[in-house]
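Overview (structure and organization)
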Amino acid sequence: MSFSIQAGCPTVRNCESAADMADAVGEMYSAEAEDAILVWNLVPVRLPYGYDLAALIDDLVPLLEEIQRSDFSEAEVFWGSDTFSAEWKIVREGDSLRIQACWHSTLGNYESLLAERGDSMVPLRVFVSEWAKVLQRIVTDIEAEAVELEDDDIFLRAKALLAA
């Protein structure tokens, strides 16, 4: 498979309240917590929960909603963390997604290797299910900690994605 994610099981810190889901993710997971690992054409890329995933979550949930629409054809997303910075152009090709990436920075400095490996072609359902593992981990931890969110929009949308 050219695209997969290992969600891991990061240690959770106590978090009673947060402004929103991204803030909760940043508070719940320390820098020492286990990372998620995105595997792009056999290249492993670390995604720390408390930093990268906290920065990506507000773009990830709307992206997953968009690509599942029946009329979806293409989208662009900019992952804006300084340790996971990339521009992805995602184009639907039948039941699959072609992801063309321009890599700016990753933990481990794998940008050149990732660029050499080229586009990732992944079935749409697999792309969604791989990211869903990360969302499930985060949603489960927020619920287990009973984190009060001032703005729960992205959290509720993430829960709806997981329920679908």
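Everything discussed here concerns the structure shown above.
Residues numbered from 1 in each chain as written. Predicted model: local features only at pLDDT ≥ 70, side-chain atom pairs only at ≥ 80, totals over all residues. Heavy atoms only, no water.

Right, let's get into the state of the cysteines. In protein chemistry, a disulfide is the covalent bond that joins the sulfur atoms of two cysteines. Applying the stated rule across the entire model yields zero disulfides. Just so you know, cysteine 15 is unpaired, no disulfide at all, and the nearest cysteine sulfur is the one on cysteine 9, 17 Å from it. When its relative accessible area of 4% is taken as the criterion, cysteine 15 is described as buried. (Disulfide = S-S within 2.5 Å. Buried < 20%, exposed > 50% of the residue type's maximum accessible area, 1.4 Å probe, protein only.)

One open sheet holds the four strands; their spatial order is 5-6-7-8, and the pairing between them is antiparallel. Every other strand in the sheet has two partners, leaving strand 5 (74–81) and strand 8 (120–123) as the edge strands with one partner each. Pairs of neighbouring strands in the sheet enclose a mean axial angle of 25°, with direction left out of account. For strand 5 and strand 6 (residues 84–93), the ladder comprises eight bridges, and the chain directions are antiparallel. (Pairing = 2+ DSSP bridges. Helix = DSSP H or I, 4+ residues; strand = E, 2+ residues; numbered from the N terminus. Axes fitted to C-alpha atoms, helices over the stretch in contact; angles between N-to-C directions.)

Turning our eyes to something else, we now look at the environment of valine 122. Of note, valine 122 is situated in strand 8. As a C-alpha pair, valine 122 and glycine 108 span 14 residues in sequence and 24 Å in three-dimensional space. With residues up to four places along the chain from it excluded, the contact list for valine 122 reads Phe3, Ser96, Leu97, Ile99 and Phe127. (Contact = heavy atoms within 4.5 Å.)

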